[in-house]
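Coordinates in review
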Amino acid sequence: MASVSGMDTSTKREQILQYIETLDIGEKISVRAIAKALGVSEGTAYKAIKEAEASGLVSTKERIGTVRIDRRRREALDQLTFGEVAEIVEGHIFGGTSGLDKSLHKFVIGAMELDAMLRYIDEGSLLIVGNRSGAHRCALEQGAGVLITGGFEPSEEVKALADENGLPIISSRHDTFTVASMINRAMYDRLIKRKIMLIEDLMTFSKPADVLRSGNTLLDFHKLSRETGNYRFPVIDDRGRVVGMMTSKDAAGSSDESSIDKLMTRHPITAAPNIAVTSAAHTMAAEGIDLLPIVDRHRKLLGVVTRQQLLDALRFAGKQQEIGETFDDLIWSGFEADEADGVPLYKGAITPQMSGSLGMVSEGILVTLMTLAGRQMIRDAGKRDYLIDGMTAFFVKPVQIDSQITIVPRALEMSRKATKLEIELIDQTGLAAKAMMTAQMIDSY
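This text gives an overview of the structure that appears in the document. In this text, all values refer to a predicted model and were calculated from it rather than measured experimentally. (Residues numbered from 1 in each chain as written. Predicted model: local features only at pLDDT ≥ 70, side-chain atom pairs only at ≥ 80, totals over all residues. Heavy atoms only, no water.)

**A look at the overall build of the protein**
Broken down by element type, the protein carries 15 helices and 20 strands. In the protein, the proportion of contacts linking residues at least 24 apart, taken out of those at least 6 apart, comes to 55%. As displayed, the protein offers around 23400 Å² of accessible surface, 49% of which is attributable to carbon and sulfur atoms. (Helix = DSSP H or I, 4+ residues; strand = E, 2+ residues; numbered from the N terminus. Contact = heavy atoms within 4.5 Å. Areas by Shrake-Rupley, 256 points an atom, 1.4 Å probe, with all protein chains shown as cover.)

In structure tokens:
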């Protein structure tokens with residue numbers, strides 16, 4: 001390939017990314033090799049490889065280096081690859097490195113006779129077993145990868161078979177129980193991540209956004225508004241980077257010949273595609289904007305989302321079944337709703353896991369409990385959710401482990417857009433903590 005040394009740095013990185021996309025899956029790459037192949041500096045090659053890693057084109061694996069991988073969708077987030085398993089269990093890879101990016105669909109613990117074990121092993125599975133060469137060989141022949149526990153090393157015959165079949169054989173110093181626990185924890189974390197909706201889950205990247213260019217006039221703005229029915233557009237330069245935002249408010253009182261450059265709002269708020277929908281919705285509400293440009297790390301426009309799209313997504317997420325338990329779920333488990341004189345309240349017990357360094361309940365746990373009680377009250381009363389703007393907590397006295405507590409949230413002010421809550425946490429001896437919380441309301445679902 002010809003040298004690209006005459007181009008500017010950003011164009012060189014784009015050329016390097018295009019080159020990386022042409023490489024075979026599983027092929028190793030290095031800063032020095034990329035720099036030599038394309039005639040660029042090692043610094044530019046390093047930055048491009050890091051960008052490729054963030055984009056899912058390559059992955060850097062311990063003891064192997066950087067390799068070209070398949071760009072996997074978030075829908076497959078719960079499927080671990082053999083390479084990810086190796087990292088999770090702090091494993092050493094002895095063969096089959098070309099298959100590190102293959103996904104696996106199940107794990108088989110080899111705690112049985114070989115004949116019985118073979119009934120459970122099939123293509124795409126991973127056998128977790130100790131120093132049993134016969135089991136290693138049979139698993140590879142069945143199309144399965146192998147994870148050897150106890151730090152044992154496979155035989156040369158098994159290493160060669162792993163390379164031939166493109167199936168990784170990994171050795172970990174941990175025992176079988178520890179390895180299984182580590183993998184299970186990683187899979188559980190992925191289940192939790194799947195329910196966190198990101199901006200990229202809402203966007204159709206193949207559909208171009210309606211935009212204005214920095215050289216356009218107000219006449220172009222009015223024409224685009226008539227064609228689309230919209231009155232807000234990102235403004236991009238000749239490289240596709242967002243340089244401004246043009247709205248009907250910016251256009252008011254100006255002639256049709258006026259340049260967009262002079263009227264637009266410069267340095268508009270933008271967001272990356274991998275941020276949470278909740279975070280983007282909070283930003284739009286706080287800044288009073290209804291259209292959010294989504295950009296890459298170089299501010300190149302990828303698409304746009306509207307505030308209504310985000311609110312619709314949050315309503316949809318609120319209807320979905322919870323998958324996996326977060327720390328909030330675990331803290332709130334065991335608390336039950338009750339009522340006294342028409343006032344909702346929540347009762348539960350303080351467990352030893354909630355203790356802080358001094359043997360009393362952690363202040364952070366108390367704040368979390370009051371926050372969760374407030375959220376639950378809003379959900380129970382109006383089928384709504386909220387984004388917290390601020391919270392002030394007061395700790396009246398320490399709360400003992402094993403205490404039975406009651407949390408009483410009261411609405412001081414509640415409207416379609418905002419709410420203000422007073423929340424009290426009471427133990428057997430009286431008031432223990434209190435909080436004042438303000439929040440933006442999310443439309444009912």
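**Digging into the nonpolar core**
With 28 residues, the main nonpolar core has Trp332, Leu369, Val399, Ile405, Ile407 and Leu425 as its most contacted residues. Going through the elements one at a time, helix H14 (327-332), helix H15 (363-382), strand S18 (404-414), strand S19 (418-427) and strand S20 (430-442) are the ones with two or more residues in this core. If you tally residues by element for this core, the top one is H15, at eight residues. Dropping the residues within four chain positions of it, valine 399 is found in contact with Ile350, Met360, Val361, Leu366, Ile405, Leu425 and Ala432. One finds Ala139, Ile148, Ala162 and Ile169 within the second-largest nonpolar core, a separate group that totals 16 residues. (Core = buried A, V, L, I, M, F, W, Y, C linked by side-chain atoms within 4.5 Å. Buried < 20%, exposed > 50% of the residue type's maximum accessible area, 1.4 Å probe, protein only.)

**Topic: the side chain of aspartate 237**
Of note, aspartate 237 is situated in the loop between strand S10 (232-236) and strand S11 (242-247). At 2.9 Å, the side chain of aspartate 237 and the side chain of arginine 241 are in polar contact. If we skip the residues at most four places from it in the chain, aspartate 237 touches Arg213, Ser214 and Val243. (Polar contact = N/O pair within 3.5 Å; in protein donor to acceptor, adjacent residues only side chain to side chain.)

**Description of helix H12 (residues 277-287)**
Listed as buried for H12 are Val277, Ala280, Ala281 and Met284. What you see down the axis of H12 is that its buried residues fit within an arc of 100°, all on one side. Downstream of H12 by one or two residues, glycine 288 has phi in the positive range, about 70°. (Arc of directions from axis to C-beta.)

**Digging into the sheet that holds strand S7 (residues 145-148)**
Sheet architecture is open: five strands sit in the order S4-S8-S7-S6-S5, paired in mixed fashion. With partners counted over all chains shown, the strands left at the sheet margins are strand S4 (92-95) and strand S5 (106-109), one partner each. Here the average twist between neighbouring strands, direction ignored, is 25°. Relative to S7, strand S6 (residues 125-129) is paired through four bridges, and the arrangement is parallel. Bridging from a neighbouring strand, leucine 127 pairs with valine 146 of S7. The strands touched by helix H7 (residues 156-165) within the sheet are S4 and strand S8 (169-171), with S4 carrying the most contacts at an inclination of about 85°. (Pairing = 2+ DSSP bridges. Axes fitted to C-alpha atoms, helices over the stretch in contact; angles between N-to-C directions.)

**Observations concerning the sheet that holds S11**
Spatially, four strands are ordered S9-S10-S11-S12 in an open sheet, and the strand pairing comes out mixed. Two strands in the sheet have a free side with no partner beyond their single neighbour: strand S9 (212-213) and strand S12 (265-266). Pairing of S11 with S12 involves two bridges; the strand directions are antiparallel. Paired with glycine 244 across the bridge in S12 is arginine 266.

**Regarding the packing of helix H6 (residues 133-141) against H7**
Two elements in contact, H6 and H7, have axes separated by 10 Å at closest approach and are oriented at 10°. Judged on the interaxial angle alone, H7 and H6 are roughly parallel. In contact with Ser133, His136, Arg137, Leu140 and Glu141 of H6, H7 contributes Glu157, Val158, Leu161, Ala162 and Asn165. Taken together, the residues of the contact of H6 with H7 break down into four nonpolar, three polar and three charged. (Parallel < 35°, antiparallel > 145°, perpendicular 65-115°, else oblique. Nonpolar A, V, L, I, M, F, W, Y, C, P; charged D, E, K, R; others polar.)

**Some details on the environment of arginine 213**
Assignment of secondary structure puts arginine 213 in strand S9. As for arginine 213 and arginine 241, which are separated by 28 residues in sequence, their C-alpha atoms are 9.9 Å apart. Those residues in contact with arginine 213 that lie beyond four places of it in its chain are Val235, Ile236, Asp237 and Ile260.

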